[in-house]
Each structure stands twice: as structure tokens, then as C-alpha cells.
Amino acid sequence: MGDKSLQSEGAADQLTGTVQKTVGQAKDVVEENIRPLVDYVRQFSKERPFTAAALAGVLGIALINTLRGK
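Since we're looking at a predicted model, the values are computed, not measured.

Quick look at the overall build of the protein
Within the protein, the secondary structure is distributed over two helices and zero strands. In terms of overall dimensions, the protein is more spread out than a globule: its C-alpha atoms have a radius of gyration of 23 Å, far above the 11 Å expected for 70 residues. Dimensions along the principal axes, computed over C-alpha positions, put the protein at roughly 70 × 35 × 10 Å. With 70 residues in all, the protein has 3% of them scored as buried. Looking at the protein as shown, the accessible area adds up to about 6,300 Å², and 63% of this sits on carbon and sulfur atoms. Looking at charge distribution, the protein has the averaged site of its 9 positive side-chain charges lying 15 Å from that of its 8 negative ones.

Structural notes on the pattern of salt bridges
Pairing between side chains of opposite charge can happen when the charged atoms of each approach one another. Tallied over the full model, the rule gives two salt bridges. Linking Arg35 and Glu31 is a salt bridge whose minimum nitrogen-to-oxygen distance equals 3.4 Å. Taken together, the positions of Arg35 and Glu31, both in helix 1 (residues 4-47) and four residues apart, correspond to about one turn of that helix. Residue Glu47 pairs with Arg48 through a salt bridge whose shortest N-O separation is 4.0 Å. By relative accessible area, Arg48 is classed as partly exposed at 40%.

Structural notes on helix 2 (residues 49-68)
Here helix 2 is 20 residues long and its end C-alpha atoms lie 28 Å apart, about the 28 Å a rise of 1.5 Å per residue gives. Phi for Gly69, located one or two positions after helix 2, is positive at around 90 degrees.

Looking at a nonpolar patch on the surface
A cluster of nonpolar side chains, contributed by Leu15, Val19 and Val23, occupies part of the molecular surface with about 260 Å² of accessible area. Examined against the element boundaries, Val23 turns out to sit in helix 1. What makes Val23 partly exposed here is its relative accessible area of 44%.

Digging into the environment of Thr22
Mapped onto the secondary structure, Thr22 falls in helix 1. Looking at Thr22, its side chain comes within polar contact range of the main-chain oxygen of Thr18, at 2.9 Å.

Notes on the packing of helix 1 against helix 2
Following both chains from N to C, one finds helix 1 and helix 2 inclined at 120 degrees, their axes separated by 5 Å at the closest point. In terms of axis orientation, helix 1 runs oblique to helix 2. On helix 2, the residues touching Phe44, Ser45, Lys46 and Glu47 of helix 1 are Pro49, Thr51 and Ala52. Per-class residue counts for the contact of helix 1 with helix 2 are three nonpolar, two polar and two charged.

The rules we used
- Residues numbered from 1 in each chain as written.
- Predicted model: local features only at pLDDT ≥ 70, side-chain atom pairs only at ≥ 80, totals over all residues.
- Heavy atoms only, no water.
- Helix = DSSP H or I, 4+ residues; strand = E, 2+ residues; numbered from the N terminus.
- Rg over C-alpha atoms; globule rule 2.2 N^0.38 Å.
- Buried < 20%, exposed > 50% of the residue type's maximum accessible area, 1.4 Å probe, protein only.
- Areas by Shrake-Rupley, 256 points an atom, 1.4 Å probe, with all protein chains shown as cover.
- Lys, Arg positive; Asp, Glu negative; His and termini not counted.
- Charge placed at Lys NZ, Arg CZ, Asp CG, Glu CD.
- Salt bridge = Lys/Arg side-chain N within 4 Å of Asp/Glu carboxyl O.
- Expected span 1.5 Å × (residues − 1).
- Patch = residues over 30% accessible without salt bridge, like charges linked within 9 Å, V, L, I, M, F, W, Y side chains within 5 Å.
- Polar contact = N/O pair within 3.5 Å; in protein donor to acceptor, adjacent residues only side chain to side chain.
- Axes fitted to C-alpha atoms, helices over the stretch in contact; angles between N-to-C directions.
- Parallel < 35°, antiparallel > 145°, perpendicular 65-115°, else oblique.
- Contact = heavy atoms within 4.5 Å.
- Nonpolar A, V, L, I, M, F, W, Y, C, P; charged D, E, K, R; others polar.

Now the structure itself:
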């Protein structure tokens, strides 16, 4: 009762648990939302390699122009 050291340890343990829970939730979001998109892009690239290469080129040029400020 009133031991500051134990209270600090308890607070640290709670913070660690909260961080672990948040990281787990973030992984779940990525797995549920990003993974299907990546799978779709891979499948599209296999089925239409020339279209995918052209699209990648256009996106690359757009990105370069954006980074250069044009």
C-alpha cells in the first residue's frame, strides 16, 4: 500500500500491455485491408505484365514530378 516502486512497475506493465494491444490491432488492420490489395496487384501483374509495367512507369514519373515540385 503506497509503495511507489510497485505503483511504477504496475503503471509500466499497463503501458506495455496497451502498446502490445495496439501493435496487435495495427497488424490485424494491415492483414485485413492491405494484404488483399497486394494480392490483387500481384495477380494483375501476372495477368497483364505490359499494362502493369506501363502503369508503374506513369506512377513513377508522377512521383518524381511531385517530389521535384512540378
